[in-house]
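# Residue-level structure breakdown
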Amino acid sequence: MAVTSTKPYVGVPRDRVENFNGKQIVYVGWDQHMLFSTPFMIVVEPGMKLGDMLQNAVRPLMQPDPDAPAVDFGKVEWLKGKQPWTPNFEASLADNGIRHKQQLTFRTPGLNTLGAAGR
Amino acid sequence: MDMTVAKKKLGLKEKYKLLTRDLGWEPTYHNKDEVFPYVKYEGIKVHDWEKWEDPFRLTMDAYWKYQAEKERKFYAIIDAHAQNNGHLNITDARYLSALKIFLQAISPGEYCAGKGFARMGREFPGVGTQVACQMQAIDEIRHAQTQIHALSNYNKFYNGFHAFADARDRMWYCTLPRSFFDDAMSAGPFEFMIAIGFSFEYVLTNLLFVPFMSGAAYNGDMATVTFGFSAQSDEARHMTLGLECIKFMLEQDPDNLPIVQNWIDKWFWRGFRLLGVVGTMMDYMLPKRVMSWREAFEIYGIENGGALFKDLARYGIRPPKGWDDAGKALDHMTHQFMLALYQYQFGTAFHSWIPSEEDMAWLSKKYPTTFDKYYRPRWEHIKKLKEAGTPYANMGLAKLCQTCQIPTVFTEPDDPTTLCHREVEYKGETYHFCSDGCQHIFEKEPEKYIQGWLPLAAIFQAPLNGDLGAWMEWVSLADGKDNGDFAGSEDQRNFEAWRNQATSNQ
Ligand SMILES: [Fe+2]
Ligand SMILES: [Fe+2]
């Protein structure tokens, strides 16, 4: 039973991609970098090149962390959802198979200035 | 000669019996299922409604008399508070943030509880239950009113109080309590009773009211202390109603046990998330602190809750599923919450601030295993950014939990350096969660939660379509007044100036 109800009931999701004026949501998280409380919520066109999204939308948001200048997106480890993944920065989000509300996470092992006290 | 017999005066018990049991007539031209259409679909089996006892047996005339007396006292004190500039007696204007959050996030919940109990007073067939629910409905509306009235005096002088109702409906941090009550109000009557009557009133109320009211007393806020007292005498009745309901369900039929257990698991977790806000106020927003959130939870959560679940074990009830995860979160959650409130402070109708040296010393004493190790370095860095003239604001909006609707700021139960990442695929859509607890709640009733209105996603849909200025107007946030850092705020300046006027000859 997908909901406790008096009769059959089907819900309508509020956040379907059609409701975003041609854009989609992508979440981008920086593993172990806890200055940022949650992954960033980015709202962009699915046709945008992944590399452009990272440079223009994600990189500026990373600046408050002292590790930001040392990050080379081409050299970090990537997860799409929970799976290891190899991105194609020249291809669009859609061609990279990045769906609406999908989370990308990048890992920068060895680079964690603010986390140092936590080790 | 005939003896005249004095007319016998009715005792309270008889009066109550007349007042209630006679209401329970047998319908003749409708069957009972048509009159009470919502008591069966949740699966709770009831064989004898007469078994639901209302130990208070309060009659309406006694109820009115008692409540009216409390109202008179309450408004006398509130008037005196207003006339004597009671708002200048608080320890510091930082304290106002706790009040603003309370008014925006918690008081509207009282109103929702009132609506919910009014409905339950109609939907339950047992007459003792009907009367008890109706009284609680009136109590809850009174709580909402007294809180709004008590805090309205602060609204004359400070920012952030003026649009609490809009904040409740639209603000991203208010959807936490809002979704809690919406979830309860859209459930059946028995689940509502577990959600509000049992989980909230019985298990969690002490954690909300006792620390908050003693925080108010410690910080010189007589207005809040007064509404606290006025509400607290109702709580004994509310807690009893919740406990009676749960025992009633468990005693009526053994098939009710798994349903009840599932609700306990769910509503404990939802309540625990909701109280994270209260914990953050306790640890960070009271200039003079009473006890830490951890200490409060140890006393009112672990000790009292533990005793309660031991008592319920004879019915086969075990402690809520999220109990251990809650324990693991205690040393982290308020710090994670406050860091989030600070970095998104451009979008809050209250002020936040970087904890002072003294605050941080207190926090490391209260959280010896976690604060210095994980959270102090972040605050120190944020302080450095501010001193360098580049104050920290996180302009990337937050990922929200589909169930409890707050930013997913919490970490893995066993790894405080990794954010909890939970996602579920349902009918081709992806949904994210802050925790296993919230994911489990979703998975039991996905058709309910996929409809969740997530306030940050809503900014990018019609009618706002991504316009942040339009968003501020829509949530009635006065930019530069209601939001931002406490340091340098109008509230800080005004409070200092007025207090100096009141305490010196300048
Ligand atoms: Fe209440
Ligand atoms: Fe959640």
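What you see is a predicted model, and the numbers here were worked out from it, not measured in a lab. (Residues numbered from 1 in each chain as written. Chains lettered and ligands numbered in written order. Predicted model: local features only at pLDDT ≥ 70, side-chain atom pairs only at ≥ 80, totals over all residues. Heavy atoms only, no water.)

### Topic: helix 11 (residues 293-312) of chain B
Residues Trp-293, Arg-294, Ala-296, Phe-297, Tyr-300, Gly-301, Gly-305, Leu-308, Phe-309 and Leu-312 of chain B constitute the buried set of helix 11 of chain B. Where helix 11 of chain B is buried, its residues contact helix 8 (189-218), helix 9 (222-252), helix 10 (256-285), helix 12 (323-329) and helix 13 (333-343) of chain B. (Buried < 20%, exposed > 50% of the residue type's maximum accessible area, 1.4 Å probe, protein only. Helix = DSSP H or I, 4+ residues; strand = E, 2+ residues; numbered from the N terminus. Contact = heavy atoms within 4.5 Å.)

### Looking at the packing of helix 13 of chain B against helix 15 (residues 371-387) of chain B
Residues and elements named next belong to chain B. Running from N to C, helix 13 and helix 15 cross one another at 15 degrees; their axes reach a closest spacing of 11 Å. Judged by the inter-axis angle, helix 13 sits roughly parallel to helix 15. Our pair here, helix 13 against helix 15, has a crossing hand that is left-handed. On helix 15, the residues touching His-335, Gln-336, Met-338, Leu-339 and Tyr-342 of helix 13 are Phe-371, Tyr-375, Arg-378, Trp-379, Ile-382 and Lys-386. Here the residues of the contact of helix 13 with helix 15 sort into seven nonpolar, two polar and two charged. (Axes fitted to C-alpha atoms, helices over the stretch in contact; angles between N-to-C directions. Parallel < 35°, antiparallel > 145°, perpendicular 65-115°, else oblique. Left-handed = near helix turned anticlockwise from the far one by under 90°. Nonpolar A, V, L, I, M, F, W, Y, C, P; charged D, E, K, R; others polar.)

### Here's the deal with the nonpolar core
Membership of the largest hydrophobic core comes to 181 residues, with the highest contact counts inside it found for Met-53 of chain A together with Met-171, Phe-198, Met-285, Trp-293 and Trp-379 of chain B. No other element matches helix 8 of chain B, which puts 16 residues into this core. (Core = buried A, V, L, I, M, F, W, Y, C linked by side-chain atoms within 4.5 Å.)

### Side note on the interface of chain A and chain B
At the junction of the two partners, chain A supplies 44 residues and chain B supplies 59 residues. Counting each side, the surface lost to burial between chain A and chain B is near 4,200 Å², with a carbon and sulfur contribution of 55%. On the chain A side of the interface with chain B, the three residues burying the most area are Met-34, Ser-37 and Met-41 of chain A, jointly 16% of the side's total. The tally of links between chain A and chain B comes to one salt bridge. (Buried area = accessible area lost by both parts, 1.4 Å probe. Salt bridge = Lys/Arg side-chain N within 4 Å of Asp/Glu carboxyl O.)

### Overview of the sheet that holds strand 1 (residues 24-30) of chain A
Taking strand neighbours across the sheet as the criterion, the six strands line up as 4(A)-3(A)-5(A)-1(A)-2(A)-1(B) in an open arrangement whose pairing is mixed. Taken across any chain shown, the strands that pair with only one partner, and hence form the sheet edges, are strand 4 (83-85) of chain A together with strand 1 (397-398) of chain B. Pairing analysis gives five bridges linking strand 1 of chain A to strand 2 (residues 40-44) of chain A, with the strands arranged antiparallel. Across the sheet, the residue bridging to Ile-25 of chain A is Val-43 of chain A, located in strand 2 of chain A. Set on the sheet, helix 1 (residues 50-62) of chain A makes contact with strand 1, strand 2, strand 3 (77-80), strand 4 and strand 5 (102-107) of chain A; between it and strand 2 of chain A the angle comes to about 140 degrees. (Pairing = 2+ DSSP bridges.)

### A few points about the pairing of strand 4 (residues 422-426) of chain B
Residue and element names in this part refer to chain B. Of the two faces of strand 4, the one lined by Arg-422, Val-424 and Tyr-426 is fully buried and the one lined by Glu-423 and Glu-425 carries no buried residue. Pairing analysis gives five bridges linking strand 4 to strand 5 (residues 429-433), with the strands arranged antiparallel. The residue of strand 5 that forms the bridge with Glu-423 is His-432. The antiparallel pairing of strand 4 with strand 5 creates a hairpin that spans two residues between the two strands, and Lys-427 there sits at a positive phi of about 50 degrees.

### Observations concerning the coordination of the iron ion (ligand 1)
All names here are of chain B. Looking at the iron ion (ligand 1), one finds its protein donor set to be Glu-110 (OE), Glu-140 (OE) and His-143 (ND1), positioned 2.1 to 2.2 Å from the metal centre. All donors to the iron ion (ligand 1) come from one chain, and their sequence spacing reads E-x29-E-x2-H. Note that Glu-140 and His-143 are positioned in helix 5 (residues 127-155) at a spacing of three residues, about one turn of the helix. Both residues of the pair, Glu-140 and His-143, belong to the buried class. (Donors = N, O, S within 2.8 Å, 3.2 Å for Na, K, Ca; no water.)

### Examining the coordination of the iron ion (ligand 2)
A metal bound by six donors in octahedral fashion has ideal angles of 90 or 180 degrees, whereas one bound by four tetrahedral donors has an ideal angle of 109.5 degrees. All names here are of chain B. Looking at the metal site, the iron ion (ligand 2) is ligated by Cys-401 (SG), Cys-404 (SG), Cys-434 (SG) and Cys-438 (SG), spaced 2.3 to 2.4 Å from it. Seen from the iron ion (ligand 2), its four donor atoms lie at angles of 105 to 114 degrees, and the figure they make is tetrahedral. Written as a sequence motif, the donor residues of the iron ion (ligand 2) are C-x2-C-x29-C-x3-C. In this pair, Cys-401 sits in the loop between strand 1 and strand 2 (411-412) while Cys-434 sits in the loop between strand 5 and helix 16 (436-444), placing the two residues 33 residues apart along the sequence. (Tetrahedral: all angles 85-135°; square planar, octahedral: opposite > 155°, others 65-115°.)

### Quick look at the pattern of salt bridges
According to the stated counting rule, one finds 43 salt bridges over all chains in the structure shown. Residues Asp-72 of chain A and Lys-75 of chain A are paired through a salt bridge, measuring 3.7 Å at the closest nitrogen-oxygen approach. We classify Asp-72 of chain A as partly exposed; its relative accessible area is 37%. Of the residues examined, Lys-75 of chain A reaches a relative accessible area of 70% and is grouped as exposed. In this structure, Lys-247 of chain B engages Asp-311 of chain B in a salt bridge whose closest nitrogen and oxygen atoms are separated by 3.9 Å. Within this pair, whereas Lys-247 of chain B is found in helix 9, its partner Asp-311 of chain B is found in helix 11, the two being separated by 64 residues in sequence.

So far we have only geometry, and geometry alone does not tell us how the molecule works.
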